[in-house]
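Descriptive structure summary
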Amino acid sequence: PPPSDTYIIYPNWKFNKSSWLSASLLIGGVKEFSLNQKNNFSFVTKAMIGAAYVSTPKLDGSSTTDTVIAHYTHNSVQAFGFAYLLNGGLKYKLNKKINFLFNLNYFGTSQINFKKVKNTFTVETNPYSNDLNHLPTFDESSITRPVKESIGAVNIDFGIAIAL
């Protein structure tokens with residue numbers, strides 16, 4: 001029979017925790033539409049545009065068994081890009097000083113160009129072997145390339161606004 005394609009599955013992956021970071025500077029407008037005659041319940045819309053600074057997470061993980069150690073890394077890179085925010089929400093004015101707020105926001109970016117993203121994958125086979133028939137071997141594969149990513153996030157928030 002012809003040889004079959006074999007895929008090696010490395011179980012038990014453990015990754016160090018890391019997160020995306022995003023900071024933006026936006027400018028735009030807000031419009032409020034009253035929904036009743038008392039003007040204490042309103043629909044609020046907001047649209048904003050600007051720039052975002054984004055940092056990718058650093059990935060560092062490994063899978064260890066009695067015969068193989070696999071390790072993967074992905075460096076953290078930073079870039080700037082175009083950003084926008086769209087908002088729709090409700091505002092209920094309880095009295096002159098207290099408002100209850102509910103908002104649904106969408107934050108998005110254009111495709112951000114991250115330069116020099118480096119991914120490295122290493123595999124060490126028989127790392128604990130003292131047997132001359134099964135000597136340890138080490139393989140490494142690495143690639144550095146640009147990556148384009150767009151970012152989108154939906155946020156829901158509730159709050160109380162207090163006028164001083």
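Refer to the preceding data block for the structure.
Each value, and the rule that gives it
- Residues numbered from 1 in each chain as written.
- Predicted model: local features only at pLDDT ≥ 70, side-chain atom pairs only at ≥ 80, totals over all residues.
- Heavy atoms only, no water.
- Pairing = 2+ DSSP bridges.
- Helix = DSSP H or I, 4+ residues; strand = E, 2+ residues; numbered from the N terminus.
- Axes fitted to C-alpha atoms, helices over the stretch in contact; angles between N-to-C directions.
- Phe/Tyr/Trp six-rings, centres within 6.5 Å; stacked < 30°, edge-to-face > 60°.
- Buried < 20%, exposed > 50% of the residue type's maximum accessible area, 1.4 Å probe, protein only.
- Lys NZ or Arg CZ within 6 Å of the ring centre and 35° of its normal.
- Contact = heavy atoms within 4.5 Å.
- Salt bridge = Lys/Arg side-chain N within 4 Å of Asp/Glu carboxyl O.

1. Section: the pairing of strand 4 (residues 59–64)
Relative to strand 4, strand 1 (residues 13–15) runs antiparallel, the two sharing three bridges. Along strand 4, the bridge assignment pairs Lys14 with Ser62.

2. Examining the sheet that holds strand 5 (residues 68–74)
Pairing in this open sheet of five strands is antiparallel, and the strands run 1-4-5-8-9 from one edge to the other. Because the sheet does not close on itself, it has two edges, and the strands there are strand 1 and strand 9 (137–149). Adjacent strand axes in the sheet meet at a mean angle of 15 degrees, parallel and antiparallel pairs treated alike. Direction of pairing for strand 4 relative to strand 5: antiparallel, over a ladder of six bridges. If you follow Ser62 over to strand 5, its bridge partner there is His71.

3. As for the sheet that holds strand 6 (residues 78–93)
Strand pairing in a sheet relies on backbone hydrogen bonds. The paired strands run either parallel or antiparallel. Spatially, five strands are ordered 2-3-6-7-10 in an open sheet, and the strand pairing comes out antiparallel. Here the strands that pair on one side only, and so sit at the sheet edges, are strand 2 (21–34) and strand 10 (152–162). Each adjacent strand pair in this sheet contributes to an overall mean axis angle of 20 degrees, direction not counted. Across 14 bridges, the pairing between strand 2 and strand 3 (residues 41–55) is antiparallel. The residue of strand 3 that forms the bridge with Glu32 is Val44.

4. A word on the packing of aromatic side chains
If you walk through the whole model with that rule in mind, you get eight aromatic pairs. Centroid distance Trp20 to Phe114: 6.3 Å. Interplanar angle 65 degrees. Geometry classified as edge-to-face. Residue Trp20 is found in the loop between strand 1 and strand 2, and its partner Phe114 is found in strand 8 (residues 112–125); the two are separated by 94 residues along the sequence. For Phe114, a relative accessible area of 1% puts it in the buried group. With a centroid separation of 6.1 Å and 40 degrees between ring planes, the pair formed by Tyr84 and Tyr106 is classed as tilted. With a gap of 22 residues between them, Tyr84 in strand 6 and Tyr106 in strand 7 (residues 98–109) connect regions that are remote in the sequence. Residue classification places Tyr106 among the partly exposed residues on the basis of a relative accessible area of 32%. Over the face of the ring belonging to Phe33 we find Lys31, whose NZ or CZ atom lies 5.7 Å from the ring centre.

5. What about the side chain of Thr122?
Tracing the backbone shows Thr122 in strand 8. Classification of Thr122 as buried rests on a relative accessible area of 11%. Discounting residues that sit within four places of it in the chain, Thr122 has contacts with Ile69, Ala70, His71, Phe138, Asp139 and Glu140.

6. Re the pattern of salt bridges
Opposite charge on two side chains permits them to pair, given that their charged atoms come into close proximity. On inspection of all chains with the given rule, the structure shows one salt bridge. For Glu32, the salt bridge goes to Lys91, with nearest N and O atoms at 3.3 Å. A residue pair is termed long-range when its members are at least 10 positions apart, and Glu32 in strand 2 and Lys91 in strand 6 qualify at 59 residues. On the basis of relative accessible area, Lys91 is assigned to the partly exposed category, the value being 21%.

Note that all results are geometric; they support no functional claim without further evidence.
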